[in-house]
Amino acid sequence: MCKNIEPNNEVPVGETETATTNDTSKMSITEEQKNIVRSTAPILKENGKEITSIFYKHMFAAHPELLNLFNQTNQKIGTQPLALANTVYFAAENIDHLHVLIPQIKLIAHKHRALIVLPEHYPIVGKYLLLAIKEFLGEKATEEILDAWAAAYNIIAKIFIDLEQQLYDELGPDERDKGFVPLTIIKKENIASGPIVALTLERRDGGKMHNYHPGQYITFRIKKDGSFHNRHYSLLEPFDGKTYRIAIKDEIDQEPKGIVSNEIIDNYKEGDAILTSFPAGTFALIQDAKHHLFIAGGIGITPLSSLILELHKKNQIKSATLIHCVPTKEHAAFSNELKSILPENQYLLFCQGEKLGKDDLQKFLTPDTHVYICSSIPFMNKLEDYLAECNHPSSQIHTEVFQPSLSVLKNAVKDQATTKTL
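Attention in this report is confined to the structure presented alongside it. For clarity, every value in this text was computed on a predicted model and none was experimentally measured. (Residues numbered from 1 in each chain as written. Predicted model: local features only at pLDDT ≥ 70, side-chain atom pairs only at ≥ 80, totals over all residues. Heavy atoms only, no water.)

Next up on the list: the environment of Asn345. Tracing the backbone through its elements, the reader meets Asn345 in the loop between helix H10 (335-341) and strand E9 (347-350). Taking the C-alpha atoms as reference, Asn345 lies 9.4 Å from Leu322; in sequence the two are 23 residues apart. (Helix = DSSP H or I, 4+ residues; strand = E, 2+ residues; numbered from the N terminus.)

Right, here's the structure in full:
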């Protein structure tokens, strides 16, 4: 059975937008315009989330079809507007050397490719971003300021478009693979309390299942209440050449509830097809690291399990240590498998009431240890504070979060806005 599968993966766009352009003849910015962009950075740091919330509100009103490209839960709780605000702010701060933002740009480009963001979407975003800046600044929004930001936006958009095109090209000549394709659920199983449910999927239309590196994710698109909803899910293990396996946690106890996760757990069964885009993401093992310390909070074990299994596959499992923090032992997904392959005393389970502290981390830190963290944001912040107290290099700390990554940056745009995007 196919649930709400529609053949056209592209999101249609409305009228032609002219505020910004993909025309390379207009991809330039003067020194004066750079100075203007830099001078507005403090405004963005103070009010960027309000500006981007205005942007999303007006863009969705004019182009409701673009809601199909976004995780609407992230819109409602404000993490998506904050992520965009941080992107714009750091672009303004680094307008003379945008290359320093390439790691963040690559991360976003992978998510854009996974959601099927296309070049024709960028002029729409540019138009409504400039309108939001103009609305917020009011009489202070001079023609010079708006022209400077249009020039800056066009340059940044071109970087994204070119990088995303490379990612689309890597999927090969089959145009179907550059959108969402139906994959069939061949196994659905409860694997831990929560509940946490694992799905194994295969392709049955004769097309290719694309390879991936451990740490990447696939993206599901479901249709509910007349709208498409998207969510990324980390792949659980190295590629076996024919299937993908992911895990989903029920989210009935949080507000707003996880639309995609809960719908799949409640209403999808073995034999059903689900729209999926092929693997994307930049989270990965550091190949030359001599020691890997993995720290997971709850369902955060999902991207880390793939990395650990990759080390096992390469006969490098002795270099891995896992710390998994869960409410109870029954919530520890994959515990039996991971405990069986990790060396003795290199699998540590912390249950509720057992506090993980700085001293626990210090035992496993060496100058060449790379640390990988996936957890809730408060727990991740606490771990990063502990690691800083241990004088562990930030360049050797790698994080994966289940929300827009640029929404969790420190010392960036203020997390406050009165405008609601939805």
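A separate point is the sheet that holds strand E11 (residues 397-400). Across the sheet, five strands lie side by side as E9-E8-E7-E10-E11; this open sheet has parallel pairing. Edge positions in the sheet fall to E9 and E11, since each of these pairs with one other strand and no more. For this sheet the average axis-to-axis angle between neighbouring strands, irrespective of direction, equals 15°. Taken together, the four bridges between strand E8 (residues 320-325) and E9 define a ladder with parallel strand orientation. Bridge pairing links Cys325 to Phe350 in E9. (Pairing = 2+ DSSP bridges. Axes fitted to C-alpha atoms, helices over the stretch in contact; angles between N-to-C directions.)

Next up on the list: the packing of helix H5 (residues 102-115) against helix H7 (residues 143-169). Interhelical geometry of H5 versus H7 gives an angle of 60° and a closest axis separation of 9 Å. Taken together, the axes of H5 and H7 are oblique relative to one another. Of the two elements, H5 crosses H7, and the hand of that crossing is right-handed. The segment H5 lies against H7, with Ile105, Lys106, Ile108, Ala109, His110, His112 and Arg113 engaging Ile159, Phe160, Leu163, Glu164, Leu167 and Tyr168. (Parallel < 35°, antiparallel > 145°, perpendicular 65-115°, else oblique. Left-handed = near helix turned anticlockwise from the far one by under 90°. Contact = heavy atoms within 4.5 Å.)

Their axes nearest at 8 Å, the elements helix H2 (residues 41-62) and helix H6 (residues 121-137) cross at an angle of 125°. Regarding the angle of H2 to H6, the classification is oblique. Read as a crossing pair, H2 and H6 show a hand that is right-handed. Here Ile43, Asn47, Glu50, Ile51, Ile54, Phe55, His58, Met59 and Ala62 of H2 lie close against H6, whose contacting residues are Ile124, Val125, Tyr128, Leu129, Ala132, Ile133, Glu135, Phe136 and Leu137. A breakdown of the residues in the contact of H2 with H6 according to their chemical character gives 14 nonpolar, two polar and two charged. (Nonpolar A, V, L, I, M, F, W, Y, C, P; charged D, E, K, R; others polar.)

This next bit is on the packing of aromatic side chains. Tallied over the full model, the rule gives 11 aromatic pairs. Ring centres of Tyr56 and Phe60 lie 5.6 Å apart, and the angle between their planes is 25°; this geometry places the pair in the stacked category. A residue pair is termed a helical-turn pair when its members lie 3 or 4 positions apart in one helix, as Tyr56 and Phe60 do in helix H2 at four residues. Phe60 carries the same exposure label as Tyr56, and that label is buried. Ring pairing ties together the aromatic residues Tyr212, Phe239, Tyr244 and Phe278, which thus form one cluster. The cationic tip of Arg221 hangs over the ring face of Phe228; the distance from NZ or CZ to the ring centre is 5.6 Å. (Phe/Tyr/Trp six-rings, centres within 6.5 Å; stacked < 30°, edge-to-face > 60°. Buried < 20%, exposed > 50% of the residue type's maximum accessible area, 1.4 Å probe, protein only. Lys NZ or Arg CZ within 6 Å of the ring centre and 35° of its normal.)

On to the nonpolar core. Grouped together as the largest cluster of nonpolar side chains are 50 residues, with contacts concentrated most on Val37, Phe55, Met59 and Trp149. Residue assignment for this core shows that the elements contributing at least two residues are helix H1 (31-39), H2, helix H4 (79-93), H5, H6 and H7. If you tally residues by element for this core, the top one is H7, at 14 residues. Discounting chain neighbours no more than four positions away, the residues touching Val37 are Ile29, Ala92, Ile95, Ala148, Trp149 and Ala152. Ile301, Leu309, Leu322 and Leu342 belong to the second-largest nonpolar core, a separate cluster that totals 29 residues. (Core = buried A, V, L, I, M, F, W, Y, C linked by side-chain atoms within 4.5 Å.)

So, on to the environment of Tyr386. Along the chain, Tyr386 turns up in helix H12 (residues 377-389). When its relative accessible area of 11% is taken as the criterion, Tyr386 is described as buried. Taking C-alpha positions, Tyr386 is 7.9 Å from Leu361, a pair spaced 25 residues apart along the chain. Each residue touching Tyr386, except ones within four places of it in the same chain, is listed here: Lys355, Leu356, Gly357, Lys358 and Leu361.

Turning our attention to H5. Between its terminal C-alpha atoms H5 stretches 20 Å, which fits the 20 Å expected from 14 residues at 1.5 Å a residue. Listed in full, the buried residues belonging to H5 are Ile105, Ile108, Ala109, His110, Lys111, Arg113, Ala114 and Leu115. Structurally, H5 contributes buried residues whose contacts are with H4, H7, strand E3 (217-224), strand E4 (227-234) and strand E6 (273-280). Taken from the residues just after H5, Ile116 is the one with a positive phi, measuring 65°. (Expected span 1.5 Å × (residues − 1).)

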